[in-house]
Amino acid sequence: MRIGVDIDGVLTDIEKFEIECGGKYFYGLNKPLVNPKGYGTYEVFKLTEKQDNIYWKTAIYDYIKEPARRFAGEVLGELLRKGHEVFIITNRISDLSYSDITSNQMRTIVIEWLKENNIPYTKLIFSDKNKEKEIIENKIDIMIEDKPKNIEKLSKITNVICYDAKYNENIVDKKVIRCYSWYDILYKIENF
């Protein structure tokens, strides 16, 4: 099976990072957490695009050091040993306008992060905002994703495992399999 894997929110816990680190940052600006079920700091803290960009200009340097979720590398290694192919598909370089990091630097950062976190894979794909194209071109059988908009689009062209988060709990679709941990993902792929 060809398995697509997102980074932010799947290999990392971006929800926890945004609530905890965003909470500290915006506390200093007397701006409370407004929507804990929001997707992205702009929804969680009700930010303008400019406020969000100012936050991420510095927060990105902490976020790119966040560790992988527990057992992610272990489970991906097991899937590879069982003959599956793992395609890391990320939008990390699609919009870095808020940052001083170039797309080439981000590519290097991601490659190093995957090594440091022992995340094995068959192929790494840096997508623009259109993951559908990569899913079709690489004949992905199942995509592990967390972003609601991506899940809705991708479930029309392939099977999707939704990595559970508060911001995606309203997604209910027969083609979408909800998972809560990396070993839950392994079990559901083995019994797919």
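Anyway, here's the lowdown on the structure attached to this text. As the structure is a prediction and not an experimental result, all values here were calculated from the model.

Basis of the calculations
Starting from 1, residues in each chain are numbered consecutively following that chain's sequence as written. In view of the model being predicted, local features appear only for residues whose pLDDT reaches at least 70, and side-chain atom pairs are presented and counted only at 80 or more, with totals across whole chains, interfaces and linings using the full set of residues. As a rule here, side-chain values come from all non-hydrogen atoms in the structure, and water together with hydrogens is ignored. One requirement defines pairing of two strands: DSSP has to find at least two bridges between them. Only runs of H or I of at least four residues qualify as helices and only runs of E of at least two qualify as strands under DSSP, and these elements are numbered from the N terminus. Here, axes are lines fitted to C-alpha atoms. For helices the fit covers the stretch in contact, and angles between N-to-C directions go from 0 to 180 degrees. Two rings from Phe, Tyr or Trp (for Trp, the six-membered ring) form a pair when their centres sit within 6.5 Å of each other. Planes less than 30 degrees apart are called stacked, planes more than 60 degrees apart edge-to-face, and all others tilted. Residue exposure (1.4 Å probe, protein chains only): buried if accessible area is under 20% of the type maximum, exposed if over 50%, otherwise partly exposed.

Take the sheet that holds strand β3 (residues 123-126) next. Here we have six strands laid out as an open sheet, ordered β3-β2-β1-β4-β5-β6, and parallel in their pairing. The sheet is open, and its two edges are formed by β3 and β6 (176-179), each paired on a single side. The mean inter-strand angle of the sheet, taken between neighbouring strand axes irrespective of direction, is 20°. Across four bridges, the pairing between strand β4 (residues 142-145) and strand β5 (residues 159-163) is parallel. Its bridge partner being in β5, Glu-145 is matched across the sheet by Cys-162.

What follows concerns the packing of aromatic side chains. Scanning the entire structure with this criterion turns up 11 aromatic pairs. Look at Tyr-55 and Trp-56: their rings are 5.2 Å apart centre to centre, the planes differ by 75°, and that puts the pair in the edge-to-face class. We classify Tyr-55 as buried; its relative accessible area is 2%. Their ring planes at 50° and their centres at 6.4 Å tell us that Tyr-163 and Trp-182 sit as a pair that is tilted. Here Tyr-163 is found in strand β5, whereas its partner Trp-182 is found in helix α8 (residues 182-190), with 19 residues between them in sequence. Take Tyr-163: its relative accessible area is 5%, and that puts it in the buried class. For Trp-182, a relative accessible area of 1% corresponds to the buried category. Three or more aromatic residues joined by ring pairs form one cluster here, namely Phe-17, Tyr-25, Phe-26, Phe-45, Tyr-55, Trp-56 and Tyr-63.

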